[in-house]
Amino acid sequence: MDINYVTLCQIDELMCLRVDHPQAKALIALQGAQLLEYTPTGEQPVIWLSELAEFKKGKSIRGGIPICWPWFGDARKNPESVQKHLPKGALPAHGWVRDKPWLLEWAASDEERVHLRFRFPTNIWPAPFPNGVELSVEMRIGTTLQMCLTTNNQSDQTVNFSQALHSYFAISDVGSVQIGNLEGVTYIDTLDDWQENSSDTPLAIGEEVDRIYVDTPKVITIADSRWQRTIQLTSPDAKSAVVWNPWIEKSKRLGQFADDAYERMVCVESGNTANKSLLLREQAAGHLRINVGLRCPD
Ligand code: TA6
């Protein structure tokens, strides 16, 4: 590849793109078009990758920004409108595409950023999911990270799906961060029998958290007092956001996850999940965009 700042490399079984640009470094696996690392120049990493990440064909990689599509989480916990498109029987968590090869369709760079576009190599899906639904993702990697996941419904029917950009953010220490802008926002607590709840204070993490916030604001912040920065996650199209930290006990049960890794990461996953799944009419396209940037503390 002769694009400035981008080199093709192999890590164990997987082909990856390494971005080394004056403004930022990044690593992307062609499997899942999964951004694995993102570090703006002169900063601590913004996106977290497990120290125990495995680069094996057909196996999801722990960390980065997995693309969850055309369903999020447990397929059977999705609305009927999403499930009606899915085959019966066992289905993997977080959809079909995060552990499959994608194609690099386009790459360019300038002094500001590297711009990449990946396409899922087929629009033929397991029945009864409609054929002709195309999936692509664009990434702009510079002083901020921008991603846009596009679903292009070229089929002759309406399609319902749930989706998320499952971002693992790097933090200094779980006791030093607060998730902001979710005060007063209703969430579904998957750890409390999927009951609805809300809180009037910024979220500090002191136990396992696995919440689906709905009707979320465009901007969610991760304030990190020890690294003296705030990660700003802007998601103009998302109608939901999952906040997840496995805490102590679940960390011991997770694959590719050190027992103390919960101290160094938090997931804030912009998407259209739970009762905020997306309906796309035939010949229509839908976008899920995120912009990740750093803000010095106020
Ligand atoms: O982040 C929400 C969540 O659904 C959690 O419940 C946890 O399962 C996490 O995703 C990780 O899922 P994975 O399949 O990548 O281990």
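To start, this report covers the structure provided alongside it. Please read all numbers here as calculations on a predicted model, not as lab measurements.

Looking now at the sheet that holds strand β3 (residues 24–29). The strand order across the open sheet formed by four strands is β1-β2-β3-β4, and the pairing between neighbours is antiparallel. For this open sheet the edge positions go to β1 (6–11) and β4 (34–40), each flanked by a neighbour on one side alone. Going from strand to strand, the sheet's axes swing by 20 degrees on average, the running direction of each strand aside.

This brings us to the side chain of Asn160. Take Asn160: it is sitting in strand β10 (residues 159–161). Excluding anything up to four places from it in sequence, Asn160 contacts Ser81, Val82, Lys84, His85, Leu278 and Leu279.

Within this model, the largest pocket holds a volume of roughly 590 Å³. Going through the elements one at a time, β17 (209–214) and β20 (240–245) are the ones with two or more residues in the lining of the largest pocket. When the residues that make up the lining of the largest pocket are grouped by side-chain class, the tally is twelve nonpolar, ten polar and seven charged.

Our focus in this paragraph is the nonpolar core. Ranked by size, the top nonpolar core spans 84 residues in total, and within it Trp69, Trp102, Phe118, Ile141 and Phe169 carry the most contacts. In terms of residue count, the dominant contributor to this core is strand β8 (residues 133–141) (five residues). Listed in part, the ten residues of the second largest apolar core include Leu14, Leu36, Phe55 and Ile61.

This brings us to the sheet that holds strand β23 (residues 284–295). The sheet built from nine strands is open, its strands ordered β6-β7-β8-β9-β23-β19-β18-β13-β16 with antiparallel pairing. The open sheet is flanked by β6 (103–109) and β16 (203–204), the only strands paired with a single partner.

Next up on the list: the state of the cysteines. With the rule as written, the count across this model stands at zero disulfides. Left unpaired, Cys9 is separated from the closest cysteine sulfur, that of Cys16, by 5.1 Å. Between Cys68, a free cysteine, and Cys267, which holds the nearest cysteine sulfur, the sulfur-to-sulfur gap is 9.4 Å.

Here the focus is the site of the ligand. Every residue near the ligand is listed here: Arg62, Phe72, Ala93, His94, Arg98, His166, Tyr168, Asp210, Val242, Trp244, Lys250 and Glu269. One of the side-chain N or O atoms of Arg62 is found 2.9 Å from an oxygen atom in the ligand. Taking Glu269, its side chain carries an N or O atom lying 2.6 Å from an oxygen atom of the ligand. Expressed as a share of its isolated accessible area of 390 Å², the protein-covered part of the ligand is 81%. Given that more than half its atoms are within 2 Å of the pocket grid, the ligand belongs to the largest pocket. Residues belonging to the shell around the ligand are distributed by class as follows: five nonpolar, two polar and five charged.

Bringing the side chain of Ser270 into the picture now. Here Ser270 is to be found in strand β21 (residues 265–272). Owing to a relative accessible area of 1%, Ser270 belongs among the buried residues under this scheme. Side-chain polar atoms of Ser270 contact the side chain of Ser235, separated by 2.7 Å. Dropping the residues within four chain positions of it, Ser270 is found in contact with Gln163, Ala164, Leu165, Leu233, Ser235, Ala238, Ser240, Leu288 and Ile290.

Let us now look at the pairing of β20. Across the six residues of β20, six count as buried, placing the element largely inside the fold. The side-chain alternation of β20 yields two buried faces, one formed by Ser240, Val242 and Trp244 and the other by Ala241, Val243 and Asn245. Two strands pair when backbone bridges link them, and β17 and β20 are joined in this way by six bridges, in the antiparallel orientation. Paired with Asp210 across the two strands is Trp244, which belongs to β20. Here β20 runs beside β21; their pairing, made up of five bridges, is antiparallel. By the bridge assignment, Val243 is partnered in β21 with Val268.

About the thresholds
- Residues numbered from 1 in each chain as written.
- Predicted model: local features only at pLDDT ≥ 70, side-chain atom pairs only at ≥ 80, totals over all residues.
- Heavy atoms only, no water.
- Pairing = 2+ DSSP bridges.
- Helix = DSSP H or I, 4+ residues; strand = E, 2+ residues; numbered from the N terminus.
- Axes fitted to C-alpha atoms, helices over the stretch in contact; angles between N-to-C directions.
- Contact = heavy atoms within 4.5 Å.
- 1 Å grid on protein atoms, 1.4 Å probe; cavity = no way out; pocket = protein on both sides within 12 Å on 5 of 7 lines; lining within 4 Å.
- Points joined across faces, edges and corners; volume = space filled by probe spheres on them.
- Nonpolar A, V, L, I, M, F, W, Y, C, P; charged D, E, K, R; others polar.
- Core = buried A, V, L, I, M, F, W, Y, C linked by side-chain atoms within 4.5 Å.
- Buried < 20%, exposed > 50% of the residue type's maximum accessible area, 1.4 Å probe, protein only.
- Disulfide = S-S within 2.5 Å.
- Near = heavy atom within 4 Å.
- Polar contact = N/O pair within 3.5 Å; in protein donor to acceptor, adjacent residues only side chain to side chain.
- Areas by Shrake-Rupley, 256 points an atom, 1.4 Å probe, with all protein chains shown as cover.
- Sits in = over half its atoms within 2 Å of the grid points.

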